[in-house]
Amino acid sequence: MCGLAGGLSPVDFAALDAALPAMTGALRHRGPDDSGRWTDSEAGIALGHRRLAILDLSPAGQQPMASASGCWVIAFNGEIYNHLELRRALDAGGLAPAWRGHSDTETLLAGFEAWGVAETVRRAVGMFAFAAWDRAHRELTLARDRLGEKPLYYGWQGDGERACFLFGSELSALKPHPAFSAPIDRGALALYMRHGYVPAPYSIHAGIHKLEPGQLLRVSARQREPHLERYWSLEQVAAAGQADPFAGSDTEAEDALEGLLRAAIGRQMLSDVPLGAFLSGGIDSSTVVALMQAQSTVPVRTFSIGFHEAGYNEAEHAKAVATHLGTAHTELYVRPEQALEVIPRLPSMYSEPFADSSQIPTHLVSALARRDVTVALSGDAGDELFGGYKRYVLANRLWGGLSRIPAPLRRLVATGMRAPSVDAWNLGLRPLKALLPGVVRVANMGDKIHKAAGILDMPTQEQLYLGLVSHWPNGVVLGAEPHPTALDVAMSALAGLDGIQRMMAVDAVTYLPDDILTKVDRAAMAVSLETRVPFLDHAVVEFAWRLPLVMKRRKGQGKWLLRQVLHRHVPPALLARPKMGFSVPIDAWLRGPLRHWAEALLDETTLRQQGLLNPEPIRARWREHLSGKRNWQHHLWDVLMFQAWLEQQESPPC
């Protein structure tokens, strides 16, 4: 795992050359073991690299690295898990060079020379982002792995002929270049306020983009407009899987899934440095650890964190699973002050606004693991592949009922439900509360009624799902509407899938790479820990999309088939508990130890002077949250993480 940065500046190469050390220096946390640079002043290209040595710790693994013929030079971030298989294929075809070492980077370069870039990445199994320079054609190629585990930002900065094409693993690597002056993109900010993250291909800065998963980009001095090519598509995989569904029995499906996961995990256990795994005690991480331990001759190192607040603690369940499997388990019970100490570092850790509050425990467990290992496997992506999120069923059932009610009538009822305020509903329903069945006797009924009105008013199932996964409505960002994303268009494009499968596919191309994988990558790389996600081996992904829905959701439970695989290794009794989620009590902290910090960032005068966000709804929700009338923790965390990030920026916001 590493960090890369660089640029293409045919006219003003001196500025790029001078900025390159600072650009790569901004990524030192991603690669503390070594640094390197390669430049060609005549062509105007500069590649910089920070190395976290995982495979081939010798100098033969240093980067940037040139191919055997010298025609290609690469700066590479990630791991190619099947690179030894690729070497054997090159050897068998008489296409291999005289190997200098055993790094996967050298294997990629040999593949470029033998098969070309596009064919090499199609053959590769792994997670990666890279910048490769074709010296003969003076063309730069950027690439990102199929599911988006590794990040890559890019964009032209500067004016006219003196403009520079910049790229890097994080936004922080682009900013040291003197031409960087990208203002805040208000449309991207509107997306951030809607979701708590900025979806690809956008970034928080206008003119700077994220390369999307499964894409190649080519650019040169002759062809300044980047040419984008998709070499792998989740949407196509989902459609193909549903057109050719798995037709075997339950047992055959269990055998097939376990075999694919064993192979993926076995490949991802390849490392020249200490390796372990995160273990929450849930279905996904327990499956990964169980199949790791089944292939290891020594106890696998596992790591969990716990909280003293019962509603947030999963450590005891993780410990039970670890004891059963016989892992070498380490756990840390986090004190509130330890979690709070992470918050000031979050804006620089993520380099653009990011507001999934589970970023805090993710960073803490990464720091815990880094004491003993350099690589950790994680159980992310099980929900998106095997239908684990409750919102899939909720949205499907809601729309199944709502679609039978005429839209004008739904709008009329929703208007009536919104007419009384939340307080008015609570006051009016208070005398009836004791008469209601316990299952519907919930606190703050007015809040629930207002939320239900918002759902009732949705015109389509696509809009209903968008509403369920959205935070702030349009209008909170002044003078802006959100840019279009896959959430707006892909659900219609995937019309061949049923409702739940369609929601899963959309999450896999939006929420998974832009929230879940971003969260883990930045939180772990901040402490120089490489994370690997076995569920995202594309053979596993492609098989999962062939499974009928009944093998993913059965008897009211998601991840049915995954559970069956896990039950071969861990007794069901150890896993029979409600899912808690990997979270911290932000709602209570905002009313307690974080109140003064939040109040300063939400200052109405400051918000008005910045001219980016509408202070009225923000201040209203802040007052409601403090009073306990509503729980606006997610909405407020969006604003707070943006304001904290903005406070760290040296340039004016717009």
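This write-up is about the structure you can find in this document.

### Here's the deal with empty space enclosed by the protein
Step number 1: Applying the stated rule across the entire model yields 7 cavities of 30 Å³ or more.
Step number 2: Of the volumes computed, that of the largest cavity is approximately 130 Å³.
Step number 3: Lining of the largest cavity is provided by 16 residues; of these, Y153, K210, E352, T518 and R522 occupy positions nearest its centre.
Step number 4: The biggest single contributor to the lining of the largest cavity is helix α21 (residues 511-525), with 4 residues.
Step number 5: Across the lining of the largest cavity, the residue classes break down as 10 nonpolar, 1 polar and 5 charged.

### Quick look at the environment of D356
Step number 1: Along the polypeptide, D356 turns up in the loop between α11 (346-350) and α12 (359-370).
Step number 2: Sequence separation between D356 and Q236 is 120 residues; the distance between their C-alpha atoms is 29 Å.
Step number 3: With residues up to four places along the chain from it excluded, the contact list for D356 reads G196, Y511, D515, K519 and W637.
Step number 4: Separated by 2.6 Å, the side chains of D356 and S358 make a polar contact.

### Considerations on the packing of helix α7 (residues 250-268) against helix α23 (residues 560-567)
Step number 1: Interaxial distance between α7 and α23 falls to 9 Å at its minimum, and their mutual angle equals 75°. The pairing of α7 with α23 is recorded here as roughly perpendicular in orientation. Packed against α7, whose contacting residues are D250, A253, E254, L257, E258 and L261, the element α23 presents W560, L561, L562, Q564 and V565 at the interface.
Step number 2: Among the residues forming the contact of α7 with α23, the class breakdown is 7 nonpolar, 1 polar and 3 charged.

### A short note on the environment of D284
Step number 1: Along the chain, the position of D284 falls in helix α8 (residues 283-293).
Step number 2: Residue classification places D284 among the buried residues on the basis of a relative accessible area of 8%.
Step number 3: Taking the C-alpha atoms as reference points, D284 and R371, separated by 87 residues in sequence, lie 23 Å from one another.
Step number 4: The residues contacting D284, other than those within four sequence positions of it, are G379, G382, D383, F535, K559 and L562.

### Some words on the sheet that holds strand β5 (residues 72-80)
Step number 1: Spatially, the 6 strands line up as an open sheet ordered β4-β5-β6-β7-β11-β12, and their pairing is antiparallel. Strands at the two margins of the open sheet, each flanked by one partner only, are β4 (65-66) and β12 (227-230).
Step number 2: Across 9 bridges, β5 lies against strand β6 (residues 126-134) in antiparallel orientation. Bridge pairing in β6 places A75 opposite A131.
Step number 3: Across the sheet, helix α3 (residues 104-115) touches β4, β5 and β6, and the angle it forms with β5 is around 125°.

### Points about helix α5 (residues 186-195)
Step number 1: Taking burial as the measure, the 10 residues of α5 include 9 buried ones, the bulk of the element.
Step number 2: The distance from a side-chain oxygen at the start of α5 to the backbone nitrogen of G187 is 3.0 Å, and the residue carrying that oxygen is D185.
Step number 3: G196 sits one or two residues past α5 and shows a positive phi near 85°.

### Brief notes about the pairing of strand β9 (residues 164-168)
Step number 1: Burial analysis of β9 places 5 of its 5 residues in the buried class, which makes it a mostly covered element.
Step number 2: Here β9 shows no split at all, with C164, L166 and G168 on one side and F165 and F167 on the other all buried.
Step number 3: Strand direction decides the pairing type here: strand β1 (residues 2-8) and β9, joined by 4 bridges, are antiparallel. Counted as the bridge partner of G7 is L166 from β9.
Step number 4: Bridge analysis of strand β8 (residues 153-157) against β9 gives 5 bridges, and the strand direction is antiparallel. Each residue of the ladder has a partner; that of Y153, found in β9, is G168.

### Remarks on a nonpolar patch on the surface
Step number 1: Together, I405, L409, L412 and V413 line one region of the surface with nonpolar side chains, adding up to about 330 Å² of accessible area.
Step number 2: Within the secondary structure, L409 is located in helix α15 (residues 407-418).

So, how was this worked out
Residue numbers here run from 1 along each chain, matching the order of that chain's written sequence. Note on the predicted model: pLDDT of at least 70 is required for a residue's local features to be given, and 80 or more for side-chain atom pairs to be given and counted; whole-chain, interface and lining totals, by contrast, use all residues. Values reported for side chains reflect all heavy atoms of the structure, with hydrogen atoms and water molecules removed beforehand. With a 1 Å grid laid over protein atoms only, a set of points is called a cavity when a 1.4 Å probe fits there but cannot get out and a pocket when it is open yet has protein on both sides within 12 Å along at least five of seven lines; lining residues have an atom within 4 Å of a point. Grid points are joined across faces, edges and corners, and a volume is the space filled by probe spheres set on the points. Only DSSP runs of H or I with at least four residues qualify as helices, and only runs of E with at least two residues qualify as strands; both kinds are numbered from the N terminus onward. Any residue outside Ala, Val, Leu, Ile, Met, Phe, Trp, Tyr, Cys, Pro, Asp, Glu, Lys and Arg is labelled polar, Gly included; the first ten of those are nonpolar and the last four are charged. Contacts are assigned to residue pairs with any non-hydrogen atoms lying within 4.5 Å of each other. Counting of polar contacts relies on pairs of N or O atoms within 3.5 Å, with two restrictions inside protein: one atom must be capable of donating a hydrogen and the other of accepting it, and residues adjacent in sequence are counted only when both atoms are side-chain atoms. A fitted line through C-alpha atoms represents every axis, and for helices the fit uses only the stretch in contact; the resulting angles, taken between N-to-C directions, go from 0 to 180 degrees. What sets the label is the angle itself: under 35 degrees gives roughly parallel, over 145 gives roughly antiparallel, 65 to 115 gives roughly perpendicular, and the rest give oblique. Note on classification: 1.4 Å probe, protein chains only; a residue is buried when its accessible area is under 20% of the maximum for its type, exposed when over 50%, partly exposed between these limits. Paired strands, in this sense, are two strands between which DSSP finds at least two bridges. Patches here are clusters of residues that have more than 30% relative accessible area and form no salt bridge, with a 9 Å joining cutoff for like charges and a 5 Å cutoff for nonpolar side chains (Val, Leu, Ile, Met, Phe, Trp, Tyr). Here, Shrake-Rupley sampling with a 1.4 Å probe gives the accessible areas, and only protein chains in the shown set may cover a residue. One side-chain nitrogen of Lys or Arg within 4 Å of one carboxyl oxygen of Asp or Glu is enough to make a salt bridge.

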